[in-house]
Amino acid sequence: MIRNILIFGAQGSGKGTQAELLAQTCGSMNISIGNIFRQEVYKKTPLGIEAKKFTDEGKLVPDDVVNEIVASRLKQKDIQEHGVVLEGYPRNIVQADALEKIISLTDVVVIDISDDEAVNRISKRLTCVCGKTYNTDYNASHVAGICDECGALLFIRDDDKPDAIKHRLETYHKETEPLFLMYEKKGILHRVNGEQKINEVYKAILKALNMETP
Ligand code: AMP
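What counts, and where the lines are drawn
Residues numbered from 1 in each chain as written. Predicted model: local features only at pLDDT ≥ 70, side-chain atom pairs only at ≥ 80, totals over all residues. Heavy atoms only, no water. Helix = DSSP H or I, 4+ residues; strand = E, 2+ residues; numbered from the N terminus. Rg over C-alpha atoms; globule rule 2.2 N^0.38 Å. Buried < 20%, exposed > 50% of the residue type's maximum accessible area, 1.4 Å probe, protein only. Contact = heavy atoms within 4.5 Å. Areas by Shrake-Rupley, 256 points an atom, 1.4 Å probe, with all protein chains shown as cover. Lys, Arg positive; Asp, Glu negative; His and termini not counted. Charge placed at Lys NZ, Arg CZ, Asp CG, Glu CD. Axes fitted to C-alpha atoms, helices over the stretch in contact; angles between N-to-C directions. Parallel < 35°, antiparallel > 145°, perpendicular 65-115°, else oblique. Left-handed = near helix turned anticlockwise from the far one by under 90°. Nonpolar A, V, L, I, M, F, W, Y, C, P; charged D, E, K, R; others polar. Salt bridge = Lys/Arg side-chain N within 4 Å of Asp/Glu carboxyl O. Pairing = 2+ DSSP bridges.

Caption draft 1: Quick look at the overall build of the protein. A tally of regular secondary structure across the protein gives 10 helices and 7 strands. For 214 residues, the compact-globule estimate of 2.2 N^0.38 gives 17 Å, and the protein sits close to it at 16 Å. Seen through its C-alpha atoms, the protein measures out along the principal axes to roughly 40 × 40 × 35 Å. Residues classed as buried in the protein amount to 45% of the 214 residues present. A sequence separation of at least 24 residues applies to 70% of the contacts in the protein between residues at least 6 apart. Summed over its atoms, the accessible surface of the protein is roughly 11,100 Å², and 53% of this surface lies on carbon and sulfur atoms. Taking the 28 positively charged and 32 negatively charged side chains of the protein as two groups, their mean positions are separated by 1 Å.

If you want it as structure tokens, here you go:
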């Protein structure tokens, strides 16, 4: 069965890590909109230069830009054939409406953490341009400051700095959380406790989705 799964969670909830694990288990594509923007910013493409004005301050990139990127990616054959685990999108009702028109979702997972935990985790987060993230407390890279996957130098995201974090959490509560009700009404919403170890959160997600631990 092909699954199209959304993962929601506040900043620092581990949604990127869980989405990657889940996509491996499902044999589906893992799309992170935040990673798409980070790579474009790093490569200084026209899209990256435009997006950087928003991402640096923790503001959302305009809906029309994001919707177009997502729509063209989701229509590709690999996603039609294998399904997708989508993370970081939709973040508001305009994006959720646009998504409805492109794919049919089978499951929506919310990874719950408190704001205090989110701030605490993000202050210790290091990111790689390849998309991998580390936490100096519980998920450190083998060599400090170097990505295990690709060997690149890790960095602190501009939008992981205190003022930007505050703004991003406010936007999440105000614009993203109200979407949960819509998915709950469809009977596809699952909530898991994100304040556990990575593998415990993953087990909780698999259980919620009626999937077996690989
Ligand atoms: P993330 O890694 O998901 O926290 O995303 C990093 C940044 O990319 C966000 O702070 C936004 O500036 C931008 N971004 C990611 N996803 C979206 C989206 N769905 N809509 C608008 N901007 C986004």
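Caption draft 2: Here's a closer look at the packing of helix α4 (residues 63–74) against helix α6 (residues 93–100). For the pair α4 and α6, the least separation of the axes is 10 Å and the interaxial angle reads 25 degrees. With respect to α6, the element α4 is oriented roughly parallel. Every pair of crossing elements has a handedness; the one defined by α4 and α6 is right-handed. Contacts between α4 and α6 involve D63, V66, N67 and L74 from the former and V94, Q95, A98 and L99 from the latter. Residue classes in the contact of α4 with α6 are distributed as 5 nonpolar, 2 polar and 1 charged.

Caption draft 3: Highlighting the pattern of salt bridges. Inspection of the entire model under this criterion finds 20 salt bridges. A salt bridge links D78 to R73; its shortest N-O distance comes to 2.9 Å. Here R157 and D159 are joined by a salt bridge, their closest N and O atoms 2.9 Å apart. Among the charged side chains, a network of salt bridges with common partners joins R125, R157, D159, D160 and R168.

Caption draft 4: The pairing of strand β3 (residues 84–87), seen in detail. Going residue by residue along β3, you find V84 and L86 tucked away on one face and V85 and E87 tucked away on the opposite face as well. Across 4 bridges, the pairing between strand β1 (residues 4–9) and β3 is parallel. Counted as the bridge partner of N4 is V84 from β3. As defined by bridge partners, strand β2 (residues 29–32) adjoins β3 across 4 bridges and the pair is classed as parallel. Directly across from I31, in β3, lies its bridge partner L86.

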